[in-house]
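Listed below are the residues making up each chain.
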Amino acid sequence: MSETTITIPVAMPDPAAVKAEMLKIYPAKTAKKRAKQIVLNEPDTPPEIGANSRTIPGIITQRGCTYAGCRGVVMGPIYDLLQITHGPVGCGFYAWLSRRNLVRPAKGQTNYLQYCMNTDMQEDQIIFGGEKKLKQAIKEAYEIFKPKAIAILATCPVGLIGDDIHTVAKQMKEELGINVMAFSCEGYKGVSQSAGHHIANNGVFKNIIGMDDKPDEAEFNMNILGEYNIGGDAWEIDTLLRKCGIHVTSTLSGDVSYDQVKKSHTVMLNGVMCHRSINYIAEMMEKKFGIPWIKVNFIGAEATTKTLRKIAKFFDSKKLTDRVEEVIAQEMIALRPVRDEIKARHQGKKAALFVGGSRAHHYQDLFRDIGMEIISAGYEFAHRDDYEGRKVLPTIKVDADSRNIEELHVEADPARFKPSRTPEQIEALKAGGFSFKDYEGMMVEMKKNTLIIDDITHHEMEKLIEIYKPDIIGSGIKDKFVIEKMGVPCKQLHSYDYSGPYAAFTGAVNFYQEVDRMLTTKVWKFITPPWEKDPQSAAELVHASKLNGGKKNGEAKSWRKPAAAAEEV
Ligand code: CFM
């Protein structure tokens, strides 16, 4: 690309007015609740945001269910753990490669990821109970596959009819002589997939971690927690760490085997990528085995550099520190020219990010690397600590929905509590500014007065696009096409569609190039957003459809109505 686009800075709309505009169409009760979930940022003293609360029925949310968080997100990538969904066959579909958590098992290793195993609950089981059918399914699966271990994952009806999957698991464990574990992760158990993460964390901690005490032989040995190898990200991280001389025992859960998870308590350090989905395991491993955890981020060149240095500092070895600096220098030689060329084209352009429970934060670094500004961001299902930092944890009110999820009581294991660092070493590191078990959240890194929007609705997204006119939005498949039909490119930041990896230095280069292609393609010029074609009728239509404003079907004016717009095509 030789063309250089000059961006003229325009005054940003007043965020308080944008917020008011977003809220004004809602009924009073809804507006009151949404007002708590839309806040103006204050990086020095992050404001309290409403988060991890129920979505109001009628609002279009991007969230998933508790089953999705447990089965799909945390458990899914453990490739040789045979996983059976207990429930109707439709729910089972979502266990079948709908997320791009790639695996590359070595030759001869078992891989169940391409299978979708389900008990196919029918009306009979809903009325008379499904335990018999579940047992039968476990036996059948065992006969065919002879797996090392089996996990049973519950969908909504299981909890509703009261099938006791834990007793079934216990009985089958005795009968088959293998590890059989059950997860009560019914879709309705929490307000989003976040509850499913917690349930999966508890189950993995109780039933798998700690089963094999033999550590991998390595001088510097760690786990990467909260990394799911979407589009191959974990492979990039693993390759980078290996170059530095750091061994990864277990990536939870990305391209990981059951046996790797069993010995994940034998490492010296846990690095937490996605704090939202895995902070529970990090905390429990620290309490039981004494493994310190630190927040890491391999998304973006700056972030990756900082993370590598932080890890090297923890291990406190001159050899490792020198090697890490060499690797950073090498990687930056390839990255810098690509980044700088792309940065020259897109400096000052605007991005907004609404993704999951960690990426709306992590991916800001990648956009900043190429000079772009984040004008608004929010998570779908994160908690206040992911926005405001872990320091707010003691002030988060425990509501009925959170109380639903078991908090495991964990104590130090008398024989196996062996921290890799002495308390003196930890104190010395802390004195030097090193932070353990800390996550500062999204807000401290965002500009003052940027709009932070939790669990954004389609209406708010439309308003945001209309008013801010961002150059690109990072979001998910559920709103990607709505955004693109409004003439704004949408980078799908969950599965990356067909692309990636985006982690570490090589992944960052992929990302810069992809964003560059998206921003320079001429295709967007062929889409005229409705309000530009006919501002008045667009406004009327929005109003009429949102309020169901007294017009009969068909009476409302069409988005595409104006003759001029029709002729363009
Ligand atoms: Fe963690 Fe994730 Fe995310 Fe997440 Fe997810 Fe995902 Fe995500 Mo989609 S575990 S919170 S539940 S980083 S599937 S790999 S992309 S919403 S931001």
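Residues numbered from 1 in each chain as written. Predicted model: local features only at pLDDT ≥ 70, side-chain atom pairs only at ≥ 80, totals over all residues. Heavy atoms only, no water.

Caption draft 1: Spotlight on the site of the ligand. Of all residues adjacent to the ligand, which total 14 residues, the nearest are Arg99, His197, Cys274, Ser358 and His494. Partitioning the shell around the ligand into residue classes produces five nonpolar, seven polar and two charged. (Near = heavy atom within 4 Å. Nonpolar A, V, L, I, M, F, W, Y, C, P; charged D, E, K, R; others polar.)

Caption draft 2: Inspection of unusual backbone geometry at higher detail. With omega at -5°, the peptide bond leading from leucine 252 into serine 253 counts as cis. By the secondary structure assignment, serine 253 is in the loop between β7 (247-252) and α11 (258-262). Notably, asparagine 52 is not glycine yet its phi reads approximately 55°, a positive angle. With respect to the helices and strands, asparagine 52 occurs in the loop between β1 (38-40) and α3 (66-75). Judged by its relative accessible area of 16%, asparagine 52 falls in the buried class. One non-glycine residue, leucine 97, lies in positive phi territory at about 50°. One can find leucine 97 in the loop between α4 (89-93) and β3 (117-118). (Helix = DSSP H or I, 4+ residues; strand = E, 2+ residues; numbered from the N terminus. Buried < 20%, exposed > 50% of the residue type's maximum accessible area, 1.4 Å probe, protein only.)

Caption draft 3: Region of the structure containing the sheet that holds strand β6 (residues 221-225). Within the open sheet, the four strands sit side by side as β7-β6-β8-β9. Their pairing is parallel. Strand pairing shows two members of the sheet lacking a second neighbour, β7 and β9 (293-295), which therefore form its edges. The sheet shows a mean angle of 25° between the axes of neighbouring strands, direction not considered. Bridge analysis of β6 against strand β8 (residues 269-272) gives four bridges, and the strand direction is parallel. Considered in β8, the bridge of leucine 225 is made with valine 272. (Pairing = 2+ DSSP bridges. Axes fitted to C-alpha atoms, helices over the stretch in contact; angles between N-to-C directions.)

Caption draft 4: Highlighting helix α8 (residues 165-176). If you check α8, its first and last C-alpha atoms are 16 Å apart, about what 12 residues at 1.5 Å a residue would give, namely 16 Å. Among all positions of α8, only Ile165, Val168, Ala169, Met172 and Leu176 are buried. When α8 is viewed along its axis, its buried side chains cluster within an angular range of 100° and face the same direction. Facing away from the buried surface of α8 by more than 90 degrees, the exposed residues are Lys170 and Glu174. (Expected span 1.5 Å × (residues − 1). Arc of directions from axis to C-beta.)

Caption draft 5: Layout of the state of the cysteines. With the rule as written, the count across this model stands at zero disulfides. With no disulfide of its own, cysteine 70 has cysteine 185 as its nearest cysteine by sulfur position, at a separation of 3.8 Å. Relative accessible area serves as the criterion here: at 0%, cysteine 70 is assigned to the buried category. (Disulfide = S-S within 2.5 Å.)

Caption draft 6: View of the nonpolar core. Grouped together as the largest cluster of nonpolar side chains are 112 residues, with contacts concentrated most on Phe298 and Ile311. The greatest single-element share of this core, amounting to nine residues, is contributed by helix α21 (residues 504-520). Among all residues touching isoleucine 311, those that are not within four sequence positions of it are Met222, Leu241, Ile246, Leu269, Ile294, Val296 and Phe298. Judged by nonpolar contacts, the second largest core, of 24 residues, contains Leu23, Ala31, Ile38 and Ile56. (Core = buried A, V, L, I, M, F, W, Y, C linked by side-chain atoms within 4.5 Å. Contact = heavy atoms within 4.5 Å.)

Caption draft 7: Molecular detail of the sheet that holds β1. Read across the open sheet, the six strands follow the order β1-β12-β11-β10-β13-β14; overall the sheet is mixed. Of all strands in the sheet, those bounded by a partner on one side alone are β1 and β14 (490-492). Ignoring strand direction, the axes of neighbouring strands in this sheet form an average angle of 20°. Sheet analysis places strand β10 (residues 350-354) next to strand β13 (residues 472-475), joined by three bridges and oriented parallel. Paired with alanine 352 across the strands is isoleucine 473, a residue of β13. Seen against the sheet, helix α1 (residues 15-23) touches β1 and β12 (451-453) and runs at an angle of roughly 170° to β1. Docked against the sheet, α21 engages β13 and β14, running at close to 150° with respect to β14.

Caption draft 8: Just a nonpolar patch on the surface, in detail. A surface patch of nonpolar side chains, about 460 Å² in accessible area, is lined by Phe93, Tyr94, Trp96 and Leu97. With respect to the helices and strands, the residue tryptophan 96 is situated in the loop between α4 and β3. Taking the relative accessible area as the measure of exposure, tryptophan 96 reaches 40% and is therefore partly exposed. (Patch = residues over 30% accessible without salt bridge, like charges linked within 9 Å, V, L, I, M, F, W, Y side chains within 5 Å. Areas by Shrake-Rupley, 256 points an atom, 1.4 Å probe, with all protein chains shown as cover. Salt bridge = Lys/Arg side-chain N within 4 Å of Asp/Glu carboxyl O.)

Caption draft 9: Broad picture of the packing of aromatic side chains. Enumeration over the complete set of coordinates arrives at 16 aromatic pairs. When the centroid spacing of 5.5 Å and the interplanar angle of 80° are considered together, the rings of tyrosine 112 and phenylalanine 145 count as edge-to-face. Placement of the pair is tyrosine 112 in the loop between α4 and β3 and phenylalanine 145 in helix α6 (residues 131-145), with a sequence separation of 33 residues. Look at phenylalanine 145 and you get partly exposed, because its relative accessible area is 24%. When the ring of tyrosine 363 is compared with that of tyrosine 496, the centres are 6.4 Å apart and the planes differ by 55°; the resulting orientation is tilted. With tyrosine 363 in helix α15 (residues 359-369) and tyrosine 496 in the loop between β14 and α21, this residue pair connects regions lying 133 residues apart in the sequence. Classification of tyrosine 496 as buried rests on a relative accessible area of 0%. Through a chain of ring-to-ring contacts, the aromatic side chains of Phe220, Phe314, Phe315, Phe434 and Phe436 assemble into a single cluster. (Phe/Tyr/Trp six-rings, centres within 6.5 Å; stacked < 30°, edge-to-face > 60°.)

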